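An overview of the molecular structure
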Amino acid sequence: KEDLKDTYASLGKTNVKDDELESMLKEATGPINFTMFLNLFGEKLSGTDTEETILNAFKMFDPDAKGNINKDYMKRLMMSQGDKFTAEEIDQMFQSSPIDSAGNLDYKALCYTITHGDEKE
């Protein structure tokens, strides 16, 4: 619950009530992993990015418009730029991300999962 509260605060929303956070935690259909967190959190924020906006962000790292990005390159970027991810957070993201035999992340499928949830759910 404190992690949810801290995440809201980092986005400028400091007036989140404990009962609202408890409600979010109860909505989880299983353990709260990276994908579950994104789904729960995304549903509660107003003005979240659309699938198109997230896709456009990934496209900046795909100048040849292949639809995928090397996962090692993505990991280095996400651990060294902006709001840095930890290795554990990256690994959680890759668990719910389609990665081909060459080690490329299908970012279009990941964007769909972020905005619509895991197709297994």
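Residues numbered from 1 in each chain as written. Predicted model: local features only at pLDDT ≥ 70, side-chain atom pairs only at ≥ 80, totals over all residues. Heavy atoms only, no water.

Naming follows an unreviewed UniProt entry, where the chain appears as Myosin light chain 5 of Naja naja.

Quick look at helix H5 (residues 71-80)
When we look at burial in H5, the residues that qualify are Met 74, Leu 77 and Met 78. The buried residues of H5 occupy one face: seen down the axis, they fall within an arc of 90°. Residues of H5 that are buried make contact with helix H4 (51-59), strand E1 (68-70), helix H6 (87-95) and strand E2 (104-106). Its side-chain oxygen at 2.9 Å from the backbone nitrogen of Asp 72, Asn 70 defines the N-terminal cap of H5. (Buried < 20%, exposed > 50% of the residue type's maximum accessible area, 1.4 Å probe, protein only. Helix = DSSP H or I, 4+ residues; strand = E, 2+ residues; numbered from the N terminus. Arc of directions from axis to C-beta. Contact = heavy atoms within 4.5 Å. Polar contact = N/O pair within 3.5 Å; in protein donor to acceptor, adjacent residues only side chain to side chain.)

Thoughts on the pattern of salt bridges
Going through the model one piece at a time under the given rule, you end up with one salt bridge. Residue Asp 91 pairs with Lys 75 through a salt bridge whose shortest N-O separation is 3.8 Å. Of this pair, Asp 91 sits in helix H6 while Lys 75 sits in helix H5, placing them 16 residues apart in sequence. Its relative accessible area of 25% is what places Lys 75 among the partly exposed residues. (Salt bridge = Lys/Arg side-chain N within 4 Å of Asp/Glu carboxyl O.)

Observations concerning the packing of aromatic side chains
Under the definition given, this model contains one aromatic pair. Here Phe 58 and Tyr 107 contribute two aromatic rings whose centre-to-centre distance is 5.5 Å and whose plane-to-plane angle is 10°, an arrangement assigned as stacked. Residue Phe 58 is found in helix H4, and its partner Tyr 107 is found in helix H7 (residues 107-116); the two are separated by 49 residues along the sequence. Comparing Phe 58 with Tyr 107, the two get one shared label, buried. (Phe/Tyr/Trp six-rings, centres within 6.5 Å; stacked < 30°, edge-to-face > 60°.)

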